[in-house]
Amino acid sequence: MTQRGIRPNARIRILIVDDDENFVRDISSVISDRYDIETATTTSDALRIFGSVDIDAVLLDIDLGRGTDGFGILERIRESSPDLPVIMVTQDSSAASAVAALKKGATDYIDKNPDISVLEKRISTALDLVRLTAINRVLRDDLTERTGPMIGESEAMVDLRREIEHAAETPSPVLIVGETGTGKELVAREVHALSRPAAPFVALNCAAIPRDLFEARLFGSERGAYTGADRTVQGAFEIASDGVLFLDEITEIETSLQAKLLRVIEEREFERVGGSKKRQFRGKIL
């Protein structure tokens with residue numbers, strides 16, 4: 001299997017993997033007018049198709065029957081295609097099931113009986129993220145090879161470097177604004193390099209985190225915090241520790257969750273989901 005990528009000017013091809021032939025047939029009939037569809041009901045068929053056909057996204061059932069789960073297929077896909085959108089399909093839409101899928105490398109997860117409009121939106125969002133990731137990676141690698149992480153001697157670039165230096169010196173949170181693809185993370189990494197180069201840099205795309213996993217991804221979770229939480233997990237604030245935490249697309253967070261995040265930013269302390277111990281964050285927030 002080779003590294004995959006979105007094929008320009010071609011219809012999106014989706015591989016649907018599920019042992020429930022009725023589900024495969026129903027989903028295929030609804031979305032086949034907009035996407036090219038490949039289907040598989042077994043692990044061997046799924047891997048055979050994936051290895052021989054250019055696939056742009058995968059809908060993968062967690063429970064494939066007969067004691068087989070879809071995580072083995074997910075692992076094989078991730079070996080050759082780390083950025084390919086893989087949306088797990090599950091009868092159990094609980095937080096525990098979602099956490100398991102995302103930890104193993106899934107892009108997203110949906111309920112077994114999804115609203116088709118919601119499903120199409122999730123597929124579209126996943127594909128857009130892959131396109132942007134691929135484009136940004138190519139541009140970043142190209143720029144780094146040429147003259148380092150940031151180039152340009154225009155007045156605007158001189159002003160930007162001055163602002164970055166100021167941001168690196170201040171202990172206060174820093175707001176970086178700009179359209180998608182303009183280099184907000186690049187600026188954040190420059191701030192990190194100037195302020196805390198030996199400490200961790202953690203970047204989190206807030207728009208890509210499912211709502212019911214948001215607090216756990218940010219603040220961590222204690223063992224037993226919810227069904228299936230069999231171990232303690234550190235969140236982004238704890239991993240960043242004394243370093244730099246870059247919260248990308250922060251405006252996409254729901255209002256109620258923004259309020260919780262604001263409280264942590266202001267007070268510089270948080271609790272893991274299911275925990276009561278106050279933990280300090282001494283790093284820089286961008």
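Residues numbered from 1 in each chain as written. Predicted model: local features only at pLDDT ≥ 70, side-chain atom pairs only at ≥ 80, totals over all residues. Heavy atoms only, no water.

Digging into the overall build of the chain
Formally: Put simply, DSSP H or I for four residues or longer makes a helix, DSSP E for two residues or longer makes a strand, and each gets a number counted from the N terminus. Accessibility here uses a 1.4 Å probe with only protein chains present; expressed as a share of the type maximum, an area under 20% marks a residue as buried, one over 50% as exposed, and anything in between as partly exposed. Note that accessible areas follow from Shrake-Rupley with a 1.4 Å probe, and for residues the cover is restricted to the protein chains shown.
The helix and strand tally for the chain stands at ten helices and ten strands. The buried share of the chain, reckoned over its 286 residues, is 42%. In the form shown here, the chain has an accessible surface area of approximately 15,400 Å², with 49% of it arising from carbon and sulfur atoms.

A closer look at the packing of helix α2 (residues 43-52) against helix α3 (residues 71-80)
Our working definition: Angular values range over 0 to 180 degrees, each being the angle between N-to-C directions of two axes fitted as lines to C-alpha atoms, with helices fitted over their stretch in contact. In this scheme, roughly parallel covers angles under 35 degrees and roughly antiparallel covers those over 145, while 65 to 115 is roughly perpendicular and the rest are oblique. Left-handed describes a crossing whose near helix is turned anticlockwise from the far helix by less than a right angle; the clockwise case is right-handed. We call two residues contacting when some pair of their heavy atoms lies within 4.5 Å. Ten residue types, Ala, Val, Leu, Ile, Met, Phe, Trp, Tyr, Cys and Pro, are classed as nonpolar, four, Asp, Glu, Lys and Arg, as charged, and the remainder, Gly among them, as polar.
The interhelical angle for the contact between α2 and α3, taken along N-to-C directions, is 15°, at an axis separation of 10 Å. The pairing of α2 with α3 is recorded here as roughly parallel in orientation. When the axes of α2 and α3 are compared, the crossing they make is right-handed. Contacts between α2 and α3 involve Thr43, Ala46, Leu47 and Phe50 from the first element and Ile73, Arg76, Ile77 and Ser80 from the second. Considering only residue class, the contact of α2 with α3 consists of five nonpolar, two polar and one charged.

Looking at α2
Inclusion rule: The directions from the helix axis to the C-beta atoms are what the arc is built from.
Buried within α2 are the following residues: Ala46, Leu47, Ile49 and Phe50. In a view along the axis of α2, the buried residues occupy a sector of 165°, so they form one face of it. Seen from the open side of α2, the exposed residues pointing more than 90 degrees away from its buried face are Ser44, Arg48 and Ser52.

Section: unusual backbone geometry
In the Ramachandran plot, Ser241 falls in the positive-phi region, its phi being about 50° despite a non-glycine side chain. Position of Ser241 among the secondary structure elements: in the loop between α9 (236-240) and β7 (244-248). A residue is classified by how much of its surface remains accessible, and Ser241, at 31% relative accessible area, is partly exposed.

Regarding a negative patch on the surface
Put simply, the rule reads: Note on patches: the residues involved have over 30% relative accessible area and no salt bridge, like charges join within 9 Å, and the nonpolar side chains Val, Leu, Ile, Met, Phe, Trp and Tyr join within 5 Å. Here a salt bridge means any side-chain nitrogen of Lys or Arg lying within 4 Å of a carboxyl oxygen belonging to Asp or Glu. Only four residue types enter the charge count, namely Lys and Arg as positive and Asp and Glu as negative; His and the chain termini do not. Taken as the charge centre is NZ of Lys, CZ of Arg, CG of Asp or CD of Glu, depending on the residue.
On the surface, a cluster of negative charge is contributed by Asp19, Asp20, Glu21, Asp26, Asp63 and Asp69. Relative to the helices and strands, Asp19 is located in the loop between β1 (13-17) and α1 (21-31). Asp19 sits in the partly exposed class, given a relative accessible area of 35%.

Focus: the sheet that holds strand β6 (residues 201-205)
Counted only if it meets this: A pair of strands is treated as paired once DSSP finds two or more bridges between them.
Read from one edge of the open sheet, three strands run β6-β7-β10, paired in parallel fashion. Two strands bound the open sheet, and with one partner strand each, they are β6 and β10 (284-285). Here β7 runs beside β10; their pairing, made up of two bridges, is parallel. Each residue of the ladder has a partner; that of Val244, found in β10, is Lys284. On the sheet, helix α7 (residues 184-195) packs against β6, β7 and β10 and is oriented at approximately 170° with respect to β7.

Points about the nonpolar core
Keep this limit in mind: Working definition of a nonpolar core: buried Ala, Val, Leu, Ile, Met, Phe, Trp, Tyr and Cys residues. They are joined through side-chain atoms within 4.5 Å.
Of all hydrophobic cores here, the largest spans 23 residues; its most connected members are Phe214, Leu218, Phe237, Leu245, Leu247, Leu261 and Phe281. Listed by contribution, the elements that provide at least two residues to this core are α4 (95-103), β6, α8 (214-219), α9, β7 and α10 (255-267). Considering every element that reaches this core, the biggest residue donor is α10, with four residues. Not counting the four nearest positions on each side in its chain, Phe214 is found in contact with Cys206, Ile209, Ile253 and Leu257. Formed by 22 residues, the second largest nonpolar core is a distinct cluster that contains Leu15, Phe50, Leu60 and Val86.

Details of the pairing of strand β2 (residues 36-40)
When β1 meets β2, the two strands line up parallel, connected through five bridges. When the sheet's bridge partners are listed, Leu15 is paired in β2 with Glu38.

Topic: the side chain of Arg272
Quick reminder of the rule: Whenever a nitrogen or oxygen atom comes within 3.5 Å of another N or O atom, the pair is scored as a polar contact, on the condition that within protein one atom can donate a hydrogen and the other can accept it, and that pairs from neighbouring residues in sequence are kept only if both atoms are in side chains.
Structurally, Arg272 can be placed in the loop between β8 (269-270) and β9 (279-280). We classify Arg272 as buried; its relative accessible area is 12%. A distance of 2.6 Å separates a polar atom in the side chain of Arg272 from a polar atom in the side chain of Glu238. Once residues within four sequence positions are removed from consideration, Arg272 is found in contact with Phe219, Gly220, Ser221, Glu222, Thr232, Val233, Gln234, Glu238 and Arg279.

So, the packing of aromatic side chains
Note the following rule: By convention, a stacked pair of Phe, Tyr or Trp rings (six-membered ring in the case of Trp) has centres within 6.5 Å and planes under 30 degrees apart, an edge-to-face pair has planes over 60 apart, and any other such pair is tilted.
All chains considered together, the criterion is met by four aromatic pairs. On the numbers, 5.9 Å between centres and 40° between planes, the contact of Phe237 with Phe270 is tilted. With Phe237 in helix α9 and Phe270 in strand β8, the pair connects residues that are 33 residues apart, well separated along the chain. Residue Phe237 shares its accessibility class with Phe270, and that shared class is buried. Members of the aromatic cluster, joined through ring pairs, are Phe219, Phe237, Phe270 and Phe281.

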